[in-house]
Amino acid sequence: MPPWESYLEEHQPRFLDELLAFLSIPSISAISAHAADVQEAAAWVSARVTAAGMEHVQILPTGGHPVVYADWLHAPGKPTVLIYGHFDVQPVDPLNLWTKPPFEPDVREDKVYARGASDDKGNMLVPILAVEAMLKATGSLPVNLKFFFEGQEEIGSPQLGEFIPQHKELLACDMVLSSDGGQWSETQPLILVGLRGGCGVQIDVKAARADLHSGMYGGMVQNPIHALAAIIASMHDPEGRVTVAGFYDDVLPLSDLDRERIAKVPYDESAEIESLEVPALFGEAGYTARERAWARPTLEVNGIWGGFQSEGIKTVLPSEAHAKVTCRLVADQDPSRVVECLAAHVKANTPPGVTAAVTPLAFRAFPYLVPEDEPGNAAVREVLVEMYGKEPLYVRSGGSIPVCSLFQRHLGAYTANFAFGLDDEGAHSPDEFFRLSSFRKGQGAYCTLLERLGR
Ligand SMILES: [Zn+2]
């Protein structure tokens, strides 16, 4: 038995108490009244990594919620691994759907219930405990290690786009392990190989200086809602393909291997249709639903407004109409270039008699794709196969984790997901929980993975 293993066993009761203390801090990043709680969580994390034996522990300001950095760099010739996670949490409403208050963590049937239990405090504490076990039991680590924990993941990491390039040297590493994520099921591991990026614009269409009488001006003045509807309709063909010029220019085509891996991930289309209560799925022709959601870019109108919407009739010719449009992007699309394409498209497709202004939205994430032979994921795969006794599924996510592409672009390091959350654990929902079996098994798994990376 490696020395860290007995250390872990011996200290489980204390580790559980610490998890409960961490979960009691209401570090909701989205609500400004909780800013001091996010700061308190940063202080808790910095004290905890200090106690684990890490060095150069710092709480660093970002202009928004802080980040916590720590390192241990005494393994010359070994790789430098940066472990990422976040100590902020989602809001808790609606409160009445929680069995127990969200910041009074409650253990039932070997699960801990609290906001942030799975996403990400429970998962984030796991590598800290693993590192403590290795440092206390043997006095050293098999690799050079950095911790980088943030307090603004749940609001899209708005300051990290500047912070990471400004702290390239501090954060420099060979690879990143993310404690923010999970596995496919209790018996099936996964490897995350791709995330979509995103960008968006608001379109503001303007006709006359004020709403007009439709009897006096209808037929003389362009209706901005009609004009906006025409602009929006011009953005897709009837088969769901985006018709914005240049939109697909930088999209990497799906290889046969990509398609094979996506097809291997279990997916029940009719169950999806039933649970969504839609008559059919719809999207770009020539791709499966999974391929469209994971590996093809999309353009969605998120909202549209303008004109008269109250009770009764008001025969008005509105003066303006608005829409918010966002895109999900895939490798190698560049969000800024896509915004330019959208602006050019709106300009070219604005009907006569109105003006249309295009303003970029504060949503800008590069897509992220990991190459097949990436060494971090290869090491993760070996450990997962050992733990679960089967090959992991190679999955992508249609969503965005901006920090992964920031690490890739500015540190030249790929991120391997190594976390043990599961989809049924209610992340972002009432009664969020984390399996304590995952909490325990993750600690040993991190030790094993760091040893493997050291070899
Ligand atoms: Zn998370």
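Nothing here was measured: the structure is a model prediction, and the numbers come from that model.

Rules used throughout
- Residues numbered from 1 in each chain as written.
- Predicted model: local features only at pLDDT ≥ 70, side-chain atom pairs only at ≥ 80, totals over all residues.
- Heavy atoms only, no water.
- Helix = DSSP H or I, 4+ residues; strand = E, 2+ residues; numbered from the N terminus.
- Rg over C-alpha atoms; globule rule 2.2 N^0.38 Å.
- Buried < 20%, exposed > 50% of the residue type's maximum accessible area, 1.4 Å probe, protein only.
- Areas by Shrake-Rupley, 256 points an atom, 1.4 Å probe, with all protein chains shown as cover.
- Lys, Arg positive; Asp, Glu negative; His and termini not counted.
- Charge placed at Lys NZ, Arg CZ, Asp CG, Glu CD.
- Expected span 1.5 Å × (residues − 1).
- Arc of directions from axis to C-beta.
- Contact = heavy atoms within 4.5 Å.
- Polar contact = N/O pair within 3.5 Å; in protein donor to acceptor, adjacent residues only side chain to side chain.
- Pairing = 2+ DSSP bridges.
- Axes fitted to C-alpha atoms, helices over the stretch in contact; angles between N-to-C directions.
- Left-handed = near helix turned anticlockwise from the far one by under 90°.
- Domains from an automatic or database assignment.
- Buried area = accessible area lost by both parts, 1.4 Å probe.
- Salt bridge = Lys/Arg side-chain N within 4 Å of Asp/Glu carboxyl O.
- Donors = N, O, S within 2.8 Å, 3.2 Å for Na, K, Ca; no water.
- Tetrahedral: all angles 85-135°; square planar, octahedral: opposite > 155°, others 65-115°.
- Core = buried A, V, L, I, M, F, W, Y, C linked by side-chain atoms within 4.5 Å.

Here we take up the overall build of the chain. Helix and strand content of the chain: 14 helices and 18 strands. In summary, the chain has a C-alpha radius of gyration of 25 Å against a globular reference of 23 Å for 455 residues, a match within 12%. Viewed in the frame of its principal axes, the chain has a C-alpha envelope of about 85 × 50 × 45 Å. Counting over 455 residues, the chain shows a buried share of 51%. Total accessible area on the chain is roughly 20,000 Å²; 53% of this is exposed by carbon and sulfur atoms. Counting 36 positive and 60 negative side-chain charges, the chain places the averaged centre of each group 3 Å from the other.

Here helix α11 (residues 335-348) contains 14 residues, and its C-alpha end-to-end distance of 20 Å stays within 8% of the 20 Å for a straight helix at 1.5 Å per residue. Looking at α11, one finds that the buried residues are Pro 335, Val 338, Val 339, Cys 341, Leu 342, His 345 and Val 346. Along α11, the residues classed as buried sweep out an arc of 160° about the axis, all on the same side. Seen from the open side of α11, the exposed residues pointing more than 90 degrees away from its buried face are Glu 340, Lys 347 and Ala 348. On its buried face, α11 sits against β9 (197-206), α7 (224-233), β11 (298-306), β13 (320-329) and β14 (355-365). Sitting at the head of α11, Asp 334 places a side-chain oxygen 2.8 Å from the backbone nitrogen of Ser 336.

This paragraph deals with the side chain of Ser 118. Topologically, Ser 118 is positioned in helix α3 (residues 117-138). For Ser 118, a relative accessible area of 7% translates into the label buried. A polar side-chain atom of Ser 118 sits 2.8 Å from a polar atom in the side chain of Glu 425. If we skip the residues at most four places from it in the chain, Ser 118 touches Asn 123, Gly 421, Leu 422, Glu 425, Glu 432, Phe 433 and Phe 434.

Take the sheet that holds strand β18 (residues 433-435) next. Here we have three strands laid out as an open sheet, ordered β4-β5-β18, and antiparallel in their pairing. At either margin of the open sheet sits one strand with a lone partner, and together these are β4 (106-108) and β18. Taking each pair of neighbouring strands and ignoring which way they run, the sheet shows an average axis angle of 25°. Along the sheet, α3 contacts β5 (111-113) and β18; its crossing angle with β18, the most-contacted strand, is approximately 45°.

When two helices pack together, you describe them by how their axes are tilted relative to each other and by the distance separating the axes. The geometry of helix α1 (residues 3-23) relative to α3 is characterised by a closest axis approach of 9 Å and an angle of 145° between their N-to-C directions. Taken as a pair, α1 and α3 cross one another with a handedness that is right-handed. From α1, Pro 3, Trp 4, Tyr 7, Leu 8, Arg 14, Phe 15, Glu 18, Leu 19, Phe 22 and Leu 23 reach across to α3, where they touch Ala 117, Lys 121, Gly 122, Met 124, Leu 125, Leu 129, Glu 132, Ala 133, Met 134, Lys 136, Ala 137 and Thr 138.

This brings us to the domain arrangement of the chain. Here the domain parsing of the chain yields domain 1 (3-195 + 367-454) and domain 2 (197-251 + 297-365). Measuring from the centre of the C-alpha atoms in domain 1 to the corresponding centre in domain 2 gives 40 Å. The interface of domain 1 with domain 2 comprises seven residues on the first partner and nine residues on the second. Between domain 1 and domain 2, the buried area comes to about 540 Å², and carbon and sulfur atoms account for 63% of it. Of all residues in domain 1, Pro 367, Leu 369 and Ser 400 give up the largest surface area on contact with domain 2, accounting jointly for 73% of the area buried on that side. At the boundary of domain 1 with domain 2, the tally comes to zero salt bridges.

With that settled, consider the coordination of the zinc ion. Coordination of the zinc ion by the protein is provided by His 86 (NE2), Asp 119 (OD), Asp 180 (OD) and Asp 180 (OD), with metal-donor distances spanning 1.9 to 2.6 Å. For the zinc ion, the four donor atoms in the first shell make angles of 52 to 149° at the metal, a pattern classed as irregular. Mapping the donors of the zinc ion onto the primary sequence yields the spacing H-x32-D-x60-D. Here Asp 119 lies in helix α3 and His 86 lies in strand β3 (residues 80-86), a separation of 33 residues in the sequence.

The next point concerns the nonpolar core. Grouped together as the largest cluster of nonpolar side chains are 63 residues, with contacts concentrated most on Phe 87, Leu 145, Phe 147, Phe 149 and Leu 177. In this structure Leu 145 touches Met 54, Ala 70, Asp 71, Trp 72, Leu 73, Val 81, Ile 83, Val 131 and Leu 450, once residues within four positions along its chain are discounted. Membership of the second largest hydrophobic core comes to 27 residues, among which are Cys 199, Ile 231, Met 235 and Val 251.

Turning next to α7. Taken residue by residue, α7 has Pro 224, Ala 227, Leu 228, Ile 231 and Ile 232 as its buried positions. Considered in projection along α7, the buried side chains sweep an arc of 135° and stay on one side of the axis. Exposed side chains of α7 directed beyond 90 degrees from the buried face belong to His 226 and Ala 233. On its buried face, α7 sits against β9, β11, β12 (316-317), β13, α11 and β14. Regarding α7, its N-cap is Asn 223, as a side-chain oxygen of that residue lies 2.8 Å from the backbone nitrogen of Ile 225 further along.

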